[in-house]
Amino acid sequence: MVKSFFWAITGHLLLIPGSSAVFPWISFMEKYFNRLQHFCLSIFIKKIMNMTNLLYTRFPTREVRAGSLGIGGKNPIRIQSMLTANTLDTLACVKEAKELFDAGCELVRLTAQGPAEAQNLKNIKEMLLADGYTGPLSADIHFSPRTALIALEHVEKVRINPGNYIDKKNFKFIEYTEAQYQNELNEIVEALRPLVNRAKELGRCLRIGTNHGSLSDRIMSRYGDTPEGMVESAMEFLRACEYLDFKDIVVSMKSSNPVVMIRATRLLVENFIAEQMSYPLHLGVTEAGEGIEGRIKSAAGIGALLEDGLGDTIRVSLTEKSVKEIPAARALIAPYEDFHSLPLHHPFREQLKERETIYFNKFRNVKHSLYDTSIIVKVDPEEKPPATIHVKDYLYIQGNTSAKESYILRFHPECRVLCDDDFIILDNKNLLDASLPVSEHSFPAANDKFYLVSANISGMNLTGLHRLASTIPGTENKLVLRIPCHTEEDACYLSPAICAGLLPDLACSALLLDSRNAEHSYSIALTILQALRIRITKADFISCPSCGRTEFDLEETTAKIKARLHHLKGIKIAVMGCIVNGPGEMADADFGYVGASHGKIHLYKGMELVKKNIPSEHALDELISLMKEAGVYHE
Ligand code: SF4
């Protein structure tokens, strides 16, 4: 009977997505089982029972249909993207939408900034249908309930922004009485009523899409631009829709800061659980940028939440051709292909609670600062240290102390060198121990060594790693997280996701990116830490993905701006395609470069518009003058 229990558990483990270590893990468990069954069967069972909570599962959501496409419930994670073509240019939109559908995109969004664009969705939809493209379209609406109503007639889904659907943003702090606040909530119900009624008649769905950068004055006045404010912004609209008896809704919490977006989404789910809601979740990091940085930022936010078991549809927004978003999204969801076949239950809540308890009890008040996270770069004993390595970082030589000493003698690195003798490697056995009361642990003392934990220790979810890290005695300054970085997929998607899921809540001394290319892994580690705002080593760029409103070539312009300003450590620069949403969505950027009209740029210092309608050929020089005046520019 005990054996059947063992196989019931390990059989379940076969379903763990992305777990390359499942089979070794099972054979390890079997060996472990055989060894222990004669001695301490009860302890083993206790450990297994404690570990079932660490198995990968998903947060159960209701199914919502966008035309023929099911989102949430038992459906696979859906991939979506957004057109960059002008919505009034029917042929360009149809061409781009076809490219996206052909590449595997399952839902295509278009901006509809006004009634004319919303009306043209009809032509776009009809041309796509005539050519056999039946995939659903979604309209992106800001500011205008009237535009949303027109769009709803022609496309399967409409996204509204609760920050500006009704409220006009004046960037004012308002002191509300309870009655005034309630009055505004009632206005939301009335403003949504026509849209919701028509959506019911037509069988359409909506997305309540909160953006960190465009919260209403009401929310800002009461909650500030916090994850709590983002969640409440969506909850107000969800409660209004439920009052109107409408539940065909997808919800998103987006921010250009992956940590904010992760916290807001987790908090949203906590609110769902408290209010018995189960809406599908759309995940995305806004204004992530382009290239490897854009992919890392997106993966940090989206990947960490997928690891939590959250997320029913994703968009990787890149400042590149929209079709390039699709392989990036595919790579991110690849480890979860079997996601939908997993049993649905609610481990998320317990896992989150456990992690929060660990964080508050163990790590919150440690002297070690998260901002000290060092990087350990693996180098070949014959290889010179990377030229750019910072003195606070480490090199790691595979081998013993004598290999380390001969490396130091040979290359005289400026930073510290570590070798295998400097680590205590924690493995699956330690993970099993971590499930027991402290008195039953058998962790070796660290003394002057570091504990090394591999992120793929057993295919367990991130809670397992939190549990392990929290259980080891005296880990505060001793924990090194080893993360695979052998392929481009590891570097761009897996590593940032694991780091984002662990680092903001865990006092981790250092990251060891396991790769054969020292320079590359060092630069990836720096980019990940920058994306998580744990360690800032260069300028931070927020660039919108562009859409039908964009006033200039975002990809080319962003590349030019980056080339001249990337060295300005700690300065946050937003490059936004239009003045309609750009200023609202560039969040806490220090400087903004925003498309005003064709060939004209507005420049912002913080939220203040300081230079208007600058011809685009002079705009970058003007931005640099502005930075010089502010004393933040240097060559
Ligand atoms: S800021 Fe960029 S993505 Fe957002 S609406 Fe304007 S052009 Fe489109």
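Bear in mind the structure is a predicted one, so any value in this text is a computation, not a measurement.

Peer 1: Can you help me understand the site of the ligand in this one?
Peer 2: Around the ligand lies a shell formed by Cys544, Ser546, Cys547, Arg549, Thr550, Gly577, Cys578, Asn581 and Gly582. Of the residues belonging to the shell around the ligand, the class tally is 3 nonpolar, 5 polar and 1 charged.

Peer 1: Any chance you could explain the side chain of Lys254 here in plain terms?
Peer 2: Mapped onto the fold, Lys254 is located in strand β8 (residues 249–254). It turns out Lys254 is buried and unbridged, and the closest side chain with the opposite charge, Asp140, is 7.5 Å from it. At a separation of 2.9 Å, a polar atom in the side chain of Lys254 contacts the side chain of His282. What Lys254 contacts, discounting residues up to four positions off in sequence, is Arg109, Arg207, Thr210, Asn211, His212, Met230, Met261, His282, Leu283, Gly284, Thr286 and Arg315.

Peer 1: When you look at the sheet that holds strand β22 (residues 608–615) in this model, what are you seeing that I'm missing?
Peer 2: Where strands meet in a sheet, backbone hydrogen bonds hold them as pairs that are either parallel or antiparallel. Here 5 strands make up an open sheet; going across it, the order is β18-β19-β20-β21-β22 and the pairing mixed. Two strands in the sheet have a free side with no partner beyond their single neighbour: β18 (540–543) and β22. Here the strands of the sheet are splayed against their neighbours by 20° on average, with no regard to which way each runs. Direction of pairing for β18 relative to strand β19 (residues 572–576): parallel, over a ladder of 4 bridges. Looking at the pairing, Ile542 lines up with Ala574 of β19. Contacting β18, β19 and β20 (591–597), helix α19 (residues 554–565) crosses the sheet at an angle of about 160° to β19.

Peer 1: What am I meant to see in the sheet that holds strand β6 (residues 157–160) here?
Peer 2: On the basis of which strands lie adjacent, the closed barrel formed by 8 strands has the order β3-β4-β5-β6-β7-β8-β9-β10 and parallel pairing. Sheet analysis places strand β4 (residues 107–111) next to strand β5 (residues 137–141), joined by 4 bridges and oriented parallel. Among the inter-strand pairings, Val108 is bridged to a residue of β5, identified as Leu137.

Peer 1: Explanation requested: the environment of Glu228 in the structure shown.
Peer 2: In this fold, Glu228 is placed in helix α9 (residues 227–243). Overall, Glu228 belongs to the partly exposed group, its relative accessible area being 42%. Note: C-alpha distance between Glu228 and Arg263 (35 residues apart in sequence) is 8.9 Å. For Glu228, the contacting residues outside a window of four places in its chain are Tyr223 and Leu267.

Peer 1: Looking at this structure, how should I read the pattern of salt bridges?
Peer 2: Pairing between side chains of opposite charge can happen when their charged atoms approach one another. Counted under the stated rule, the structure contains 32 salt bridges. In this structure, the salt-bridge partner of Glu320 is Arg295, at a minimum N-O distance of 2.8 Å. Of this pair, Glu320 sits in the loop between β10 (313–314) and α12 (325–333) while Arg295 sits in helix α11 (residues 291–308), placing them 25 residues apart in sequence. Here Glu320 matches Arg295 in class, with each residue buried. One network of salt bridges, in which partners are shared, links Glu290, Glu293, Lys538 and Lys562.

Peer 1: Sorry, what's going on with the pairing of β4 here?
Peer 2: Looking along a regular strand, one sees side chains alternate from face to face of the sheet. A large share of β4 lies buried, amounting to 5 of its 5 residues. What joins strand β3 (residues 78–82) to β4 is helix α4 (residues 90–103), and the crossover it makes is right-handed. Considered for its hand, the β-α-β crossover made up of β4, helix α5 (residues 115–130) and β5 is right-handed.

Peer 1: What is the right way to read a nonpolar patch on the surface from this model?
Peer 2: Together, Phe143, Ile579 and Val580 give the surface a local cluster of nonpolar side chains, amounting to about 220 Å² of exposed area. Take Val580: it is sitting in the loop between β19 and α20 (582–585).

Peer 1: Any chance you could explain the side chain of Arg533 here in plain terms?
Peer 2: By the secondary structure assignment, Arg533 is in the loop between α18 (518–531) and β18. At a separation of 3.4 Å, a polar atom in the side chain of Arg533 contacts the side chain of Asp540.

Cut-offs applied
Once a new chain begins, its residue numbering starts again from 1 and follows that chain's sequence as written. Selection of residues for local features in this predicted model requires a pLDDT of at least 70, selection of side-chain atom pairs for listing and counting requires 80 or more, and totals for whole chains, interfaces and linings are taken over all residues. Heavy atoms from the whole structure form the basis of all side-chain values; hydrogens and water molecules are not counted. Neighbouring residues are identified by heavy atoms, a residue being near a molecule or strand if any of them is within 4 Å of it. Put simply, Ala, Val, Leu, Ile, Met, Phe, Trp, Tyr, Cys and Pro go in the nonpolar bin, Asp, Glu, Lys and Arg in the charged bin, and everything else, Gly too, in the polar bin. Helix and strand assignments come from DSSP, with helices taken as H or I runs of at least 4 residues and strands as E runs of at least 2, each series counted from the N terminus. Buried, partly exposed and exposed residues are distinguished by accessible area as a fraction of the type maximum, computed with a 1.4 Å probe on protein chains only: under 20%, between the cut-offs, and over 50%, respectively. Counted as positive: Lys and Arg. Counted as negative: Asp and Glu, with His and the chain ends omitted from the count. Here, a salt bridge means any side-chain nitrogen of Lys or Arg that lies within 4 Å of a carboxyl oxygen of Asp or Glu. Whenever two N or O atoms come within 3.5 Å, that pair is a polar contact, provided that in protein one can donate a hydrogen and the other can accept it, and provided that, for residues adjacent in sequence, both atoms are side-chain atoms. Should any heavy atoms of two residues lie within 4.5 Å, those residues are counted as being in contact. The pairing criterion for strands is at least two bridges between them, as found by DSSP. Axis angles are defined between N-to-C directions and span 0 to 180 degrees, where every axis is a line fitted to C-alpha atoms and, for a helix, only to the segment in contact. When the strands point away from the viewer and the connection leading from the first strand across the helix to the second strand turns clockwise, the crossover is called right-handed. Any residue with relative accessible area above 30% and no salt bridge may belong to a patch, with like charges joined within 9 Å and the nonpolar Val, Leu, Ile, Met, Phe, Trp and Tyr side chains within 5 Å. Where accessible areas are quoted, they stem from the Shrake-Rupley method and a 1.4 Å probe; at the residue level, only the protein chains shown are allowed to cover.

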